[in-house]
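Letter by letter, the chains look like this.
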Amino acid sequence: MFFSHQIENLKTDLWKPESLQLDPELAFWITMAERYGRTVLELGTGTGRIAEALSKAGCSVTGMEASSTLIWEARKRGQRHEPMADWVQGDIRKFNLGRRYELVLMPHNAISHFLDEHSLEDCLASVRSHLAEGGRFIVDAFCPTLDWLTREDGVKRPVLEYQDQNWKGRVAISQSRNFNRIHRTSTVRTFFRFPGRDEELIEEAESRLYFQGELSSMLQNHGFTVEAEYSDYGLATPQLDSPRQLLVCSPY
């Protein structure tokens, strides 16, 4: 049996720049900051990759994360760069940081992890109270495609492999999912296989699914106007079967 903190320790390696190529994503967020404002709050900052890139681009950034392991990694990495972001460990569902921001980001499908309406309402209310006048809220969320919806439940599929210096070999990651069609939620099991270890580490997470148009309507019902929508980090217009939805919103 493996504990969740062990998996989080391993994920800090997975989420480093040498493990994943993030240039298009980082370029997108820098473009958004240049367009809408350079005081930035990132909700669900993880190990701080986006916050770090925005800080290097001249933004004043606060990164907020619930996981103590991930926020520790963010602080450690941030010490190597100037200017540094501010790091806050806390629950992104309900928070009060005592300041306002021109731009609030919610990347990495974080909004889909609110499974109940109260958590979602609390988070969006907190976002509104932290936006400066004329500020923007940008959400990055997964959008189920026809291919995803027709996959067989419980079948493991490879996600990626990368060379890990700590484990001295290739780390392989695969996933399976179970789709609850009634509640429109997905339970994803992620399998981490490491060199020299027979047993896989397994992480399970449940998320809410937002189909195309549904997330926009939900945000509008909770006090936001959707000003722009993109289907990828290159600012492409939404397509019928796009797996990503990037929404730029302002409070009304």
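Heads up: the structure comes first, above all this text.
Residues numbered from 1 in each chain as written. Predicted model: local features only at pLDDT ≥ 70, side-chain atom pairs only at ≥ 80, totals over all residues. Heavy atoms only, no water.

Now for the packing of aromatic side chains. Per the counting criterion, the structure on display carries seven aromatic pairs. Considering the side-chain rings of F137 and F224, the 5.3 Å spacing of their centres and the 45° angle between planes classify their relative orientation as tilted. Note that F137 is positioned in strand 5 (residues 131-142) and F224 in strand 10 (residues 224-230), a separation of 87 residues in sequence. When its relative accessible area of 0% is taken as the criterion, F224 is described as buried. A centroid spacing of 5.5 Å and a plane angle of 65° characterise the contact between W148 and F179, whose relative ring orientation is edge-to-face. With a gap of 31 residues between them, W148 in helix 6 (residues 146-149) and F179 in strand 7 (residues 169-180) connect regions that are remote in the sequence. Taken individually, W148 and F179 each receive the classification buried, so the pair is uniform in this respect. Each residue in the set F28, W29, Y230 and Y233 is aromatic and connected to the rest through ring pairs, giving one cluster. Here K156 stacks its cationic end above the ring of F191, 4.4 Å away from the centre of that ring. Across from the ring centre of W148, 4.3 Å away, lies the NZ or CZ of R177, which sits over that ring. (Phe/Tyr/Trp six-rings, centres within 6.5 Å; stacked < 30°, edge-to-face > 60°. Helix = DSSP H or I, 4+ residues; strand = E, 2+ residues; numbered from the N terminus. Buried < 20%, exposed > 50% of the residue type's maximum accessible area, 1.4 Å probe, protein only. Lys NZ or Arg CZ within 6 Å of the ring centre and 35° of its normal.)

On to the pairing of strand 8 (residues 185-193), then. Bridge analysis of strand 7 against strand 8 gives nine bridges, and the strand direction is antiparallel. Residue R177 lies in a different strand from strand 8, and its bridge partner there is V188. From the end of strand 7 to the start of strand 8, which pair antiparallel, there are four residues, and R184 there has a positive phi angle of about 55°. Strand direction decides the pairing type here: strand 8 and strand 9 (residues 201-208), joined by eight bridges, are antiparallel. What sits directly across from F192, in strand 9, is L201. (Pairing = 2+ DSSP bridges.)

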